Amino acid sequence: MKTGAEIRDRALTLLHYVDQAGRLRSDLYADLYARSLDIVNQIYGDLWYTTHTTTFEQLGSLADTVMLPGRIRDDVMPYGVAMLMAQTIGDGDNQNLYASLYSRKRTRAASQDCRVDIWSKGGRRCDDG
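Residues numbered from 1 in each chain as written. Predicted model: local features only at pLDDT ≥ 70, side-chain atom pairs only at ≥ 80, totals over all residues. Heavy atoms only, no water.

**Q** Help me out: how do you make sense of the overall build of the protein in this one?
**A** Along the protein, the regular secondary structure elements total 4 helices and 2 strands. Reading the protein from its N terminus to its C terminus gives the helix and strand order α-α-α-α-β-β. Going through the 129 residues of the protein one by one, you find that 39% of them count as buried. Just so you have it, the protein exposes about 7,600 Å², and 48% of that area is on carbon and sulfur atoms. (Helix = DSSP H or I, 4+ residues; strand = E, 2+ residues; numbered from the N terminus. Buried < 20%, exposed > 50% of the residue type's maximum accessible area, 1.4 Å probe, protein only. Areas by Shrake-Rupley, 256 points an atom, 1.4 Å probe, with all protein chains shown as cover.)

Encoded structure:
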C-alpha cells in the first residue's frame, strides 16, 4: 500500500464494510468515501511524527503517496483509519476493537526495532518491516 486510497480501502476491508467482491457497500457506508481524505490525513498526521521531525503536510488527494516507512504505513495506519471510520458512523464495537489494535501497533512502531551489530562493520540496523 502506498496511496491514501489504498489505506482507505484496506481499512474498509478490515471493517467488513465491503461486499464479497471488495466493493464498498454504498447502501450503508457511502458517507465514509466523502470523509475518507480527512480521516486518512488525521491518522497520517498522528503517525508522521513517529518517524519525521519536519512539518507534516496533508495529502491533497487520496491518490497521493503516503510518505511513511513501510511497516508504519502498511501495518499501523489502516488500523487507525478503521478506528476513525467506525467512530464516524457510530460502530462502537469496531471502534473499540480498532482503537485497541491501533494503540498497540502505534506504540510498537514508535519504538522502532534497532540493533547494533558488534561482529561486523554493519553498524546499527533498524528494521522498517
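**Q** Could you clarify how one ought to interpret the packing of helix H1 (residues 4-14) against helix H2 (residues 26-48) in this entry?
**A** A pair of packed helices can be characterised by two numbers: the angle between their axes and the separation between those axes. One way to put it is that H1 packs onto H2 with a least axis distance of 10 Å and a crossing angle of 115 degrees. Of the two possible hands of crossing, H1 and H2 adopt the one that is right-handed. Contacts between H1 and H2 involve Gly-4, Arg-8, Asp-9 and Leu-12 from the first element and Leu-32, Tyr-33, Ser-36 and Val-40 from the second. Here the contact of H1 with H2 is built from residues that sort into 4 nonpolar, 2 polar and 2 charged. (Axes fitted to C-alpha atoms, helices over the stretch in contact; angles between N-to-C directions. Left-handed = near helix turned anticlockwise from the far one by under 90°. Contact = heavy atoms within 4.5 Å. Nonpolar A, V, L, I, M, F, W, Y, C, P; charged D, E, K, R; others polar.)

**Q** Can you walk me through the nonpolar core in this structure?
**A** The nonpolar side chains of a soluble globular protein tend to be buried with one another. Core analysis: the biggest nonpolar cluster contains 35 residues, and Ile-43, Tyr-44, Leu-47, Leu-68, Met-77, Val-81 and Met-85 have the highest contact counts within it. Elements represented by at least two residues in this core include exactly H1, H2, helix H3 (70-89) and helix H4 (92-110). In terms of residue count, H3 provides more of this core than any other element does, 10 residues in total. In contact with Met-77, other than residues within four places in its own chain, are Ile-7, Val-40, Ile-43, Tyr-44, Leu-47, Val-66, Leu-68 and Ile-72. (Core = buried A, V, L, I, M, F, W, Y, C linked by side-chain atoms within 4.5 Å.)

**Q** Help me understand the packing of aromatic side chains in this model?
**A** Each aromatic ring pair is characterised by the separation of its centres together with the angle its planes make. This structure, assessed with the given rule, holds 4 aromatic pairs. Here Tyr-44 and Trp-48 contribute two aromatic rings whose centre-to-centre distance is 5.8 Å and whose plane-to-plane angle is 85 degrees, an arrangement assigned as edge-to-face. Here the residue Tyr-44 and the residue Trp-48 both occupy positions in helix H2, the gap between them amounting to 4 residues, near one helical turn. Exposure class is identical for Tyr-44 and Trp-48. Each is buried. Aromatic ring contacts, followed pair by pair, group Tyr-44, Trp-48 and Phe-56 into a single cluster. A cation over a ring is seen here: Arg-8 above Tyr-33, with NZ or CZ 4.2 Å from the ring centre. (Phe/Tyr/Trp six-rings, centres within 6.5 Å; stacked < 30°, edge-to-face > 60°. Lys NZ or Arg CZ within 6 Å of the ring centre and 35° of its normal.)

**Q** Is there a simple way to think about the environment of Ile-89 in this case?
**A** For Ile-89, the position within the fold is in helix H3. For Ile-89, a relative accessible area of 30% gives the class partly exposed. Residues Ile-89 and Leu-28, spaced 61 residues apart in sequence, show a C-alpha to C-alpha distance of 9.6 Å. In this view, Ile-89 contacts Tyr-17, Tyr-29, Asp-31 and Leu-32; residues no more than four positions away in its chain are not counted.

Function-wise, these values are silent; they only describe arrangement.
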